[in-house]
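Commentary on secondary and tertiary structure
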Amino acid sequence: GVPRLHYVMETIVQKYNPDYAFFVNDHTFVIPQHMCTFLQKYGGGSTGGDGDMNSGSGNTHLYAGHALKPKGPPYAFNSGAAGDFFSRETMK
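The rules behind each value
- Residues numbered from 1 in each chain as written.
- Predicted model: local features only at pLDDT ≥ 70, side-chain atom pairs only at ≥ 80, totals over all residues.
- Heavy atoms only, no water.
- Helix = DSSP H or I, 4+ residues; strand = E, 2+ residues; numbered from the N terminus.
- Buried < 20%, exposed > 50% of the residue type's maximum accessible area, 1.4 Å probe, protein only.
- Salt bridge = Lys/Arg side-chain N within 4 Å of Asp/Glu carboxyl O.
- Core = buried A, V, L, I, M, F, W, Y, C linked by side-chain atoms within 4.5 Å.
- Contact = heavy atoms within 4.5 Å.

**A word on unusual backbone geometry**
Located in the positive-phi region is Asn-17, a residue other than glycine, with phi close to 50 degrees. Looking at where Asn-17 falls in the secondary structure, it is placed in the loop between helix H1 (2-15) and strand E1 (20-23). Using a relative accessible area of 38% as the deciding quantity, one classes Asn-17 as partly exposed.

The structure is reproduced here in structure tokens:
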């Protein structure tokens, strides 16, 4: 639930302080180059050749994923299966 997600984000920021974090199910196929291309729109996404995505800014809010809009509530939520991106600023 939400308390667990809050704990995970807080721990990641304190321990690693990444520019961006990507949460995804363990059975989801991901192409890292596509993730980098997506993050370039937000000032990040360069890997520096070693796959480390810690080279963007992460100083603006980013919460991105595949939004699902249920009938009824006027808000959307992201599908966990598609994965979610969070910038450092959003995780704070």
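So, next bit.
**Some words on the pattern of salt bridges**
This model, assessed by the stated rule, comprises 2 salt bridges. The shortest N-O distance in the salt bridge between Arg-88 and Asp-19 comes to 2.7 Å. Taken together, the positions of Arg-88 in helix H3 (residues 88-91) and Asp-19 in the loop between H1 and E1 put the pair 69 residues apart, joining distant regions of the chain. Residues Arg-88 and Asp-19 agree in their burial class; the two are buried. In this structure, Glu-89 engages Lys-92 in a salt bridge whose closest nitrogen and oxygen atoms are separated by 3.9 Å.

**A word on the nonpolar core**
Membership of the largest hydrophobic core is limited to 6 residues, which are Tyr-20, Met-35, Leu-39, Leu-62, Ala-64 and Phe-85. Filtering out sequence-adjacent residues up to four positions away, Leu-62 remains in contact with Tyr-20, Leu-39, Tyr-42, Phe-85, Phe-86, Ser-87 and Thr-90. Formed by 5 residues, the second largest nonpolar core is a distinct cluster that contains Met-9, Ala-21, Phe-86 and Met-91.

**Regarding the environment of Ala-64**
Inspection of the secondary structure puts Ala-64 in strand E2 (residues 63-65). Each C-alpha atom of the pair Ala-64 and Gly-83 lies 8.5 Å from the other, and the pair is 19 residues apart in sequence. Look past the residues within four positions of Ala-64 in its chain and what remains in contact with it is Phe-38, Asn-78, Gly-83, Asp-84 and Phe-85.

Structural measurements only, silent on function.
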